[in-house]
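# Geometric and topological summary
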Amino acid sequence: MIWRFGLFDSTFEPLVTTHWALVIALCLPLILGLLAALLPPKKAWPVALAGVPVLASGVVLLVAVAQVQLLQWQWEILGVSIALRLNALSVLLLLMTQWIGFAAALYTPGQLRLTATGPLGRWLWPLMGVLISALSLIWLATDLLTLYIALELMGLAAVGMLLLSGKAAALLAGTRYLLLALVGSLAYLLGVALILGHWGRLDLQGLAEVVELGPVAWIAAALIGAGLALKAALFPLHGWLSPVHGNAWTPVSALHAALVIKASLFMLLQLWSILLPDTFYAPRLIAWLGMLAIVWGGLLAWRTDSLKTLVASSTVAQLGYLMVVFPLLLGPDIELLARSLAWEGFWLQLMGHAFAKAAMFMAAGNLILATGESTLKGLAGSSRRLPLSLLVFGIASITLMGLPPSAGFTAKWLLLQAMVMSQQWWAVAALLIGTLLSAAYIFRVFRYSFDETAPRHHYQPLAPGMDLIALTLALIALVLGLLAHFPLELMHGGGV
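Thresholds applied
Residues numbered from 1 in each chain as written. Predicted model: local features only at pLDDT ≥ 70, side-chain atom pairs only at ≥ 80, totals over all residues. Heavy atoms only, no water. UniProt positions renumbered as here; feature names shortened; annotations may be inferred. Helix = DSSP H or I, 4+ residues; strand = E, 2+ residues; numbered from the N terminus. Buried < 20%, exposed > 50% of the residue type's maximum accessible area, 1.4 Å probe, protein only. Contact = heavy atoms within 4.5 Å. Areas by Shrake-Rupley, 256 points an atom, 1.4 Å probe, with all protein chains shown as cover. Lys, Arg positive; Asp, Glu negative; His and termini not counted. Charge placed at Lys NZ, Arg CZ, Asp CG, Glu CD. Axes fitted to C-alpha atoms, helices over the stretch in contact; angles between N-to-C directions. Parallel < 35°, antiparallel > 145°, perpendicular 65-115°, else oblique. Left-handed = near helix turned anticlockwise from the far one by under 90°. Nonpolar A, V, L, I, M, F, W, Y, C, P; charged D, E, K, R; others polar. Expected span 1.5 Å × (residues − 1). Salt bridge = Lys/Arg side-chain N within 4 Å of Asp/Glu carboxyl O. 1 Å grid on protein atoms, 1.4 Å probe; cavity = no way out; pocket = protein on both sides within 12 Å on 5 of 7 lines; lining within 4 Å. Points joined across faces, edges and corners; volume = space filled by probe spheres on them. Phe/Tyr/Trp six-rings, centres within 6.5 Å; stacked < 30°, edge-to-face > 60°. Core = buried A, V, L, I, M, F, W, Y, C linked by side-chain atoms within 4.5 Å.

Its UniProt record gives the protein chain a comment under Subcellular location (unreviewed entry), which states: "Cell membrane".

Spelled out as structure tokens, the structure:
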């Protein structure tokens, strides 16, 4: 399974252009964030100009991977060896990070203008830069130490962004999130220490060659898995998620739900594929917890009266879809075709959810900013004045419910094929139940917003482009289902 993550030797040397593209992709978001803290942009066009080199670097790396399948870099810095790799999967995740980060950055000037942020608002930019750079490093890192450094930078930046609103509830939720993140980091480090002490390796490719199933591998996998599951808000370690999003600014919620929790899930699957290859119980445990997450998250979203809590709770359920796939990816006695379909469906679902969830949080933030209401009942009658925001919410919902022609539909179709081929009928039931629950809580939003008997409220006008940015992300999630053969063919060509 590790070859799917690009953990094998490449015969191709990276070109000079790819060296520069790598440096820009990893470092430029951080540099731009620091510059924006000194000279905060008041409008979106300076952000758009600054983001062009970052997006261009992703395109250059994509073209290179399409040509040579795998790129590897290795440097020696102060006696420490740093190795990175870029294969089809990692370049797709890098592009996803760049485009969603670019959209969040474009959205931010409007958010800061319409919200009383005070002097803390300027610090959102450097924290956002650290977050994007750290996420980009996670997709490329090939050793446990680099992964840990990137994970901590990402986590600290996410906590800092959540605390910026300065509200008492935000400080409480952010502090709780920080403490839980530190507990997760401690568990991860204990697992790494056990691996280093027993096998003496930190590089993933070398570790895969020496690791043996046994008590050490099981304990290390349990520690690393618990730490990453806590950071990814996997059920039942999701309790911190809704309070955090309920008090965060909209671009922060969009980045966190779309990207931050996905990084921990990516690391969990990658490291377990090394420590627990073809094991039965651990992936099944994750899958059964995923089934509970689908039901529990759906019920929480269905019963809540808060719009942001609804969107955040749906994330718990959507992560459940990915959790139920673990036995197909890591379990024994799965035929090759079923495992390949599950692999494709897993990553397509992850990417489609990332774009759709970022769009949904932006649409929800626009509704809250314009109406001044954060409850579903407070949205009554908003369809008269905010049709575009509701349209974005609806298009994003198509992906989350898994309706055609969205990425959610294509991904679930692939997953259902794999589950039927391997006779995982309980997983099939989980996906169908989740789809029905998604429809139930999504239509609650429209039930209130299209209430024509509601009195007319005063609406605050949104900054130009805020709805269009969210609409673009929602449409990407939709079109990704129609053009799914492009990323899937790239992964096949890249040895995935």
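Along the protein chain, the regular secondary structure elements total 19 helices and two strands. Along the three orthogonal principal directions, the C-alpha set of the protein chain runs to about 70 × 55 × 40 Å. Put simply, the protein chain has 496 residues, and 61% of those count as buried. Long-range contacts, defined as pairs at least 24 residues apart, comprise 82% of the intrachain contacts of the protein chain with a sequence gap of at least 6. Carbon and sulfur atoms form 72% of the exposed surface of the protein chain, whose accessible area is close to 18900 Å². Each charge sign in the protein chain was given a centre, from 23 positive and 18 negative side chains, and these centres are 18 Å apart.

Taken N-terminus to C-terminus, the directions of helix H11 (residues 281-303) and helix H12 (residues 307-323) make an angle of 155°; their axes are 7 Å apart at the nearest point. Taken together, the axes of H11 and H12 lie roughly antiparallel to each other. Note on packing geometry: the crossing formed by H11 with H12 is left-handed. Taking contact as the criterion, the partners of Ile286, Ala287, Leu289, Gly290, Ala293, Ile294, Gly297, Gly298, Leu300 and Ala301 in H11 are, on H12, Leu310, Ser313, Ser314, Val316, Ala317, Gly320, Tyr321 and Met323. Grouping the amino acids of the contact of H11 with H12 by side-chain chemistry returns 12 nonpolar, six polar and no charged.

The next point concerns the UniProt feature "domain: NADH:quinone oxidoreductase/Mrp antiporter transmembrane" (unreviewed entry) in the protein chain. The feature "domain: NADH:quinone oxidoreductase/Mrp antiporter transmembrane" (unreviewed entry), as annotated in UniProt, sits at residues 141-438 in this numbering. In residues 141-438, the share of helix is 79% and the share of strand is 0%. The end C-alpha atoms are 35 Å apart.

Right, let's talk about helix H6 (residues 168-199) for a bit. The end-to-end C-alpha distance of H6, which contains 32 residues, comes to 46 Å, matching closely the 46 Å that a straight helix rising 1.5 Å per residue would cover. Gly200, located one to two residues past H6, shows a positive phi value of around 65°.

Turning our attention to the pattern of salt bridges. Counted according to the given criterion, the structure contains three salt bridges. Two residues, Glu152 and Lys231, come together in a salt bridge whose shortest N-O distance is 3.6 Å. Remark: Lys231 occurs in helix H8 (residues 215-232) and Glu152 occurs in helix H5 (residues 144-163); sequence separation between them is 79 residues. Each member of the pair Glu152 and Lys231 is classed as buried.

Let's shift gears to the layout of surface pockets. In this structure, the largest pocket occupies an estimated 830 Å³ of space. Lining the largest pocket are 36 residues, with Ile82, Ala83, Leu84, Thr142 and Asp143 sitting closest to its centre. Those elements that place two or more of their residues in the lining of the largest pocket are helix H1 (16-38), strand S1 (71-77), strand S2 (80-86), helix H4 (124-140), H5 and helix H7 (204-210).

Our focus in this paragraph is the packing of aromatic side chains. For the structure on display, the rule yields 17 aromatic pairs. When the ring of Phe5 is compared with that of Trp343, the centres are 5.3 Å apart and the planes differ by 85°; the resulting orientation is edge-to-face. Separated by 338 residues along the polypeptide, Phe5 in the segment before H1 and Trp343 in helix H14 (residues 336-371) bring together distant segments of the chain. Residue classification places Phe5 among the buried residues on the basis of a relative accessible area of 1%. The class for Trp343 is buried, based on a relative accessible area of 1%. Considering the side-chain rings of Phe326 and Phe346, the 6.4 Å spacing of their centres and the 65° angle between planes classify their relative orientation as edge-to-face. With Phe326 in helix H13 (residues 326-330) and Phe346 in helix H14, this pair connects stretches of sequence that are 20 residues apart. Across this residue pair, the class does not change: Phe326 and Phe346 are buried. Ring pairs connect the aromatic residues Phe5, Trp139, Phe266, Trp272, Phe326, Trp343, Phe346 and Trp347, which therefore count as one cluster.

As a further point, take the environment of Leu299. With respect to the helices, strands and loops of the structure, Leu299 is situated in helix H11. Here Leu299 falls in the partly exposed class, since its relative accessible area comes to 31%. Counting along the chain gives 142 residues from Leu299 to Tyr441, while the straight-line C-alpha distance between them is 8.2 Å.

As a rule of thumb, soluble globular proteins bury nonpolar side chains together. Residues Met96, Ile100, Trp139, Tyr188, Phe346, Trp347 and Phe393 are the most contacted members of the largest nonpolar core, which totals 188 residues. No other element matches H14, which puts 23 residues into this core. Apart from residues no more than four positions distant in its own chain, Ile100 is found in contact with Leu255, Ala258, Leu259, Ala354, Phe355, Ala358 and Leu473.

This next bit is on H8. Between the first and last C-alpha of H8 there are 25 Å, a value that for 18 residues agrees with the 26 Å anticipated at 1.5 Å per step. Along H8, the residues that are buried comprise Val216, Ala217, Ala220, Ala221, Ile224, Gly225, Gly227, Leu228, Ala229, Leu230, Lys231 and Ala232. Downstream of H8 by a residue or two, Ala233 has a phi angle that is positive, lying close to 60°.

Residue Pro236 follows Phe235 across a cis peptide bond; omega there is 5°. You can see Pro236 is positioned in the loop between H8 and helix H9 (241-246). For the bond running from Pro404 to Pro405, omega is 5°, close enough to zero to count as cis. With respect to the element layout, Pro405 can be found in the loop between helix H15 (387-401) and helix H16 (407-421). With a phi close to 60°, Asp333 is a non-glycine residue in the positive phi region. With respect to the helices, strands and loops of the structure, Asp333 is situated in the loop between H13 and H14. With a phi angle near 60°, Gln423 is a residue other than glycine that sits in the positive phi range. Following the sequence through the fold, Gln423 ends up in the loop between H16 and helix H17 (425-449). Its relative accessible area of 57% is what places Gln423 among the exposed residues.

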